[in-house]
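# Examination of the molecular architecture
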Amino acid sequence: MKILCVGRNYIEHARELNNPVPKTPMLFMKPATALLNQGKPFFYPDFSTDIHYELEIVLRISANGKHIEKEFAPKYYDQVALGIDFTARDIQSQLKEKGHPWEIAKAFDHSAVVSPFVGLPVDHANGIPFELRKNGQVVQSGNTADMIFSFDDLIAYSSKFFKLQQGDYFFTGTPAGVGPVQVGDVLEGYLLGAKLLHCEVK
Ligand code: ZN
């Protein structure tokens, strides 16, 4: 399986990192080895001193497809989870400056925490609220209604380049409020007000 991701899909988050708002989805991927199933602690890697959390809504791809038209995109995902796209911001900044690919900052082992999946809310087109608490304090509060590119836009666009396969995951971008984690932090993700994700940094 693969993990597709989109960067800068919420305007306020693009601005907080001084990035332009994209005209087309900015895609990247993480390999299957990036997956950290929830409940397992995230061990702070020794190659970075500035690991950031990014809470995101994750789609589970439910069918194989390529060149999917936007109107048929809803047939290709059926469940949602919360995920944390752990990012080595210090390494990413150095790579961005040089115009280099940023895999080592984004796709390293256990950089993708994924909660259990739940059924897609029937009225999800009206927006899904989600929230991240760090040590009990709300640090990110987002709503999918604020995405620049919708779930269907992301499915249609990404499938022009990459065949989507049943069981793939899609990280759909993070809202504003990203920030660093320290050893000892506890991250909790809430979807529609219910706690779904728990991750300790060790
Ligand atoms: Zn992200």
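Refer to the structure presented above.
Predicted, not measured: the structure shown is a model, and the values here were computed from it.

## Observations concerning the coordination of the zinc ion
Each protein donor to the zinc ion is listed here as Glu54 (OE), Glu56 (OE) and Asp85 (OD); together their distances run 2.0 to 2.1 Å. Counting along the primary sequence, the residues that act as donors to the zinc ion give the motif E-x1-E-x28-D. Taken together, the positions of glutamate 54 in the loop between strand E4 (51-53) and strand E5 (55-61) and aspartate 85 in strand E6 (residues 77-85) put the pair 31 residues apart, joining distant regions of the chain. With respect to class, glutamate 54 is no different from aspartate 85; both count as buried.

## As for empty space enclosed by the protein
Over the atoms rolls a probe the size of a water molecule, and in doing so it shows where empty space is left. Overall, the coordinates contain one cavity of 30 Å³ or more when judged by the stated rule. Taken as a whole, the largest cavity spans an internal volume of roughly 110 Å³. Surrounding the largest cavity, 15 residues form its lining, Arg8, His13, Leu17, Gln92 and Trp102 being those nearest its centre. Among the secondary structure elements, those contributing two or more residues to the lining of the largest cavity are strand E1 (3-7), strand E2 (26-30) and helix H2 (89-98). Looking at which element gives the most residues to the lining of the largest cavity, the answer is H2, with three residues. Across the lining of the largest cavity, the residue classes break down as five nonpolar, four polar and six charged.

## A word on unusual backbone geometry
Here histidine 67, not a glycine, exhibits a phi torsion of approximately 50 degrees, which is positive. Looking at the element boundaries, histidine 67 is found in the loop between E5 and E6. Given the relative accessible area of 54%, histidine 67 is considered exposed. Although it is not a glycine, histidine 110 sits at a positive phi angle of roughly 65 degrees. With respect to the helices, strands and loops of the structure, histidine 110 is situated in the loop between helix H3 (103-106) and strand E8 (112-114).

## Brief notes about the pattern of salt bridges
Within the structure shown, the criterion is met by 10 salt bridges. Between lysine 106 and glutamate 54 there is a salt bridge; the shortest N-O distance is 3.2 Å. Of this pair, lysine 106 sits in helix H3 while glutamate 54 sits in the loop between E4 and E5; the two residues are 52 residues apart in sequence, bridging distant segments of the chain. What makes glutamate 54 buried here is its relative accessible area of 3%.

## As for the sheet that holds strand E11 (residues 137-143)
The strand order E11-E10-E14-E15 describes an open sheet built from four strands, whose pairing is antiparallel. Of all strands in the sheet, those with a lone pairing partner are E11 and strand E15 (194-200), marking the two edges. In this sheet, adjacent strand axes meet at a mean angle of 20 degrees when their direction is disregarded. Looking at chain direction, strand E14 (residues 186-191) and E15 are connected through six bridges and run antiparallel. Residue pairing in the sheet places tyrosine 190 in a bridge with lysine 195 of E15.

Reading the values: rules and limits
- Residues numbered from 1 in each chain as written.
- Predicted model: local features only at pLDDT ≥ 70, side-chain atom pairs only at ≥ 80, totals over all residues.
- Heavy atoms only, no water.
- Donors = N, O, S within 2.8 Å, 3.2 Å for Na, K, Ca; no water.
- Helix = DSSP H or I, 4+ residues; strand = E, 2+ residues; numbered from the N terminus.
- Buried < 20%, exposed > 50% of the residue type's maximum accessible area, 1.4 Å probe, protein only.
- 1 Å grid on protein atoms, 1.4 Å probe; cavity = no way out; pocket = protein on both sides within 12 Å on 5 of 7 lines; lining within 4 Å.
- Points joined across faces, edges and corners; volume = space filled by probe spheres on them.
- Nonpolar A, V, L, I, M, F, W, Y, C, P; charged D, E, K, R; others polar.
- Salt bridge = Lys/Arg side-chain N within 4 Å of Asp/Glu carboxyl O.
- Pairing = 2+ DSSP bridges.
- Axes fitted to C-alpha atoms, helices over the stretch in contact; angles between N-to-C directions.

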